[in-house]
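Summary of structural features
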Amino acid sequence: MSREFLTSSTGSMRATDTAEEVIELHDIDASGENDDNMADHHGGNGNGSKSQCFEDGKRKIDYVLLYKPIEEKHSECRRIFEKNLVDEGLELEYDHQGLPGINFVKIHATWEVLSRYAEIMKLQGPMKQFVKVERSDGGSNWVTVTDIESVTEAYLGDEIDALFPDQAAESPLEAMYWYNRVFSNVKSTFQRLMSVFLLPLDKVPQWEKQFTCTYSRDKEYLFDIPEDKGTFFNSSIRSLIVDFVLRRKKFTEDADDLFSVGLEKLLADDAYVAAYPLHAGDYREDAPDNDRKMLSENWASYRLLHKYQPIHRIRDYYGEKVALYFAWLGYYTFMLVPASIVGIICFIFGLVTLGDDIPRYGERSAQSAACMHA
C-alpha cells in the first residue's frame, strides 16, 4: 500500500498509510482553535502578510518549489521527495491558484528543524550578555544584561575613577552623569562630521553588536532567543537551512540508488521547474515597510554612492557571502578614489600643456632614415 499525504486541520502535511488522494490546503477550512500558539510552536512570525506566509497567516514561507502538473512521469519522484521532506520535519502547503499550468509547493521550517540543522551546520547565534555583580556579603552573581542602565552601577564607577581621578564620582549616579556628558559630546561631534557619509538612523536602524557562538541545543539557555523563536534565525539563515535539507533528500525508495538525491537533480530532470526563497515583500513606495524596501531605498540607489553600505543589514537579508562581496567591492572602489584623483590631475595637466608640446617631425624622420640605412 502506497503512502500518501493528508493535510491535517492545522494545515501541516502528514503521512498516512492510505490510498486516498492528496487533499490540498486551499480546499480545507483550517481550524482556528490553536492559532494563538501556532506561531511560537512552528517558529513563524505571527504578523506576516499572506504573500509571505501559509494560509493561516502565521507560518513563514521559507522556500517555494514550482512544478507542472501535466508532467505525470515525475509525479512519483516528487511524491517521494516531498514525503521525505515532511518526515524530516518540514511543513508543506500546496497552491494551485497562482499561475495557470504551474503548481506551487510552499515550505516552512519549524523551530525543531531550524535548531537541529543549525547545530549540524555549526551556525552562529547571538548570545545573552552577562555581567558579574558583586554582592554586599563579598560574593558575586552573574546576571543577564537587558539594558545598559541596569549594569551601570556594577562597573561604571571604577571606569570613571580611572578616567577622571580629579573628579572622582561619589555615587554611581554621578559617575553615570559625567560619563554620559563626555560621551555624548564626543559622539555628537563625530556624528556631525560623519553625517555626510552615514545613513540616517531613522531609516536604517543601528545594528546592535552581540557576541555570537556556535549554536547548540544543549546550551540553548545561553542564546538570546526571543519569545517568538522563529525570529531568532533571520531570513537568510532560514533559507540556507531549508536549502541544505533540499539538497540532501532522496526521491527514490531504492536504497541502493545513490544518484537520485537532491533538489538539483530534480531541477535538471524537470521534475520541478524552479526553486527559490521569497523576498521579504514589495519594495515600491506604497508597500509596507520591510527589509527589502529598506535596502532598496537606502542602499541600491546611485544617489547614495557616497554613503556607507549597511553591510550588517545586507548580511541579515542576503547572507554572509553576498555581504562579504559588497564589503570587498566597496573597499576596492573606495581605494580607487586616490588613484582616480591622481589620474584626473595628470589628464588636466596634459590638456593644459598640450599647446606647448611641439613634436619634431624632421628630427624624427632623419633618425628613422638613419636607422633604415644602418
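About the cut-offs
Residues numbered from 1 in each chain as written. Predicted model: local features only at pLDDT ≥ 70, side-chain atom pairs only at ≥ 80, totals over all residues. Heavy atoms only, no water. Phe/Tyr/Trp six-rings, centres within 6.5 Å; stacked < 30°, edge-to-face > 60°. Helix = DSSP H or I, 4+ residues; strand = E, 2+ residues; numbered from the N terminus. Buried < 20%, exposed > 50% of the residue type's maximum accessible area, 1.4 Å probe, protein only. Core = buried A, V, L, I, M, F, W, Y, C linked by side-chain atoms within 4.5 Å. Contact = heavy atoms within 4.5 Å. pLDDT = per-residue confidence, 0-100. Axes fitted to C-alpha atoms, helices over the stretch in contact; angles between N-to-C directions. Parallel < 35°, antiparallel > 145°, perpendicular 65-115°, else oblique. 1 Å grid on protein atoms, 1.4 Å probe; cavity = no way out; pocket = protein on both sides within 12 Å on 5 of 7 lines; lining within 4 Å. Points joined across faces, edges and corners; volume = space filled by probe spheres on them. Nonpolar A, V, L, I, M, F, W, Y, C, P; charged D, E, K, R; others polar. Expected span 1.5 Å × (residues − 1).

Inspection of the entire model under this criterion finds 17 aromatic pairs. Each ring, one from Tyr-215 and one from Phe-233, has its centre 5.9 Å from the other, and the planes form 70°; the classification is edge-to-face. Taken together, the positions of Tyr-215 in the loop between β9 (212-214) and α6 (235-246) and Phe-233 in the loop between β9 and α6 put the pair 18 residues apart, joining distant regions of the chain. Between Phe-232 and Phe-233, the ring centres sit 4.8 Å apart and the planes meet at 75°, which makes this aromatic pair edge-to-face. Judged by its relative accessible area of 9%, Phe-232 is buried. The class for Phe-233 is buried, based on a relative accessible area of 3%. One aromatic cluster in this structure is built from Trp-299, Tyr-317, Tyr-318, Tyr-325, Phe-326, Trp-328 and Tyr-332.

Inside soluble globular proteins, nonpolar side chains tend to come together where they are buried. The biggest cluster of nonpolar side chains holds 34 residues, and the ones touching the most others in it are Leu-65, Phe-81, Ile-107, Ile-241, Leu-246 and Tyr-272. At the level of secondary structure, the elements contributing two or more residues to this core comprise β3 (63-67), α2 (75-88), β4 (91-99), β5 (102-108), α3 (111-120), α6 and α7 (263-268). Apart from the residues within four sequence positions on either side, Leu-65 is in contact with Phe-81, Asn-103, Phe-104, Val-105, Ile-107, Leu-246, Leu-263, Tyr-272, Ala-274 and Ala-275. Formed by 8 residues, the second largest nonpolar core is a distinct cluster that contains Leu-199, Val-204, Leu-295 and Tyr-317.

Considering every residue of the protein, the mean pLDDT works out to 75; 69% of them sit at 70 or more. Here residues 1-48 scores under 50 on pLDDT; set against residues more than four positions off or in separate chains, the count is 99 contacts. For residues 147-157, every residue scores under 50 in pLDDT, and the model assigns this stretch 11 contacts once sequence neighbours within four places are set aside.

Bringing the packing of α3 against α6 into the picture now. Contact pair α3 / α6: the axes reach a minimum separation of 10 Å and the direction vectors enclose 80°. Between α3 and α6, the interaxial angle falls into the category roughly perpendicular. Contacts between α3 and α6 involve Val-113, Leu-114, Tyr-117 and Ala-118 from the former and Arg-238, Ile-241, Phe-244 and Val-245 from the latter.

Before going further, it helps to examine α3. Burial in α3 covers these residues: Trp-111, Val-113, Leu-114, Ser-115, Tyr-117 and Ala-118. Phi turns positive one or two residues past the end of α3, at Lys-122, with a value near 60°.

Scanning the entire structure with this criterion turns up 1 cavity of 30 Å³ or more. Of the pockets and cavities examined, the largest cavity occupies roughly 30 Å³. If you trace the largest cavity, you find it lined by Lys-60, Ile-61, Asp-62, Ser-235, Ser-239 and Leu-278. For the lining of the largest cavity, the residue count by class is 2 nonpolar, 2 polar and 2 charged.

Moving on, we come to α6. Given a rise of 1.5 Å per residue, 12 residues ought to cover 16 Å, and the 16 Å separating the end C-alpha atoms of α6 matches this to within 8%. Among the residues making up α6, those that are buried are Ser-236, Ile-237, Arg-238, Ser-239, Ile-241, Val-242, Asp-243, Val-245 and Leu-246. Tucked inside the fold, the buried residues of α6 contact β3, α2, β5, α3, α7 and α9 (311-318).

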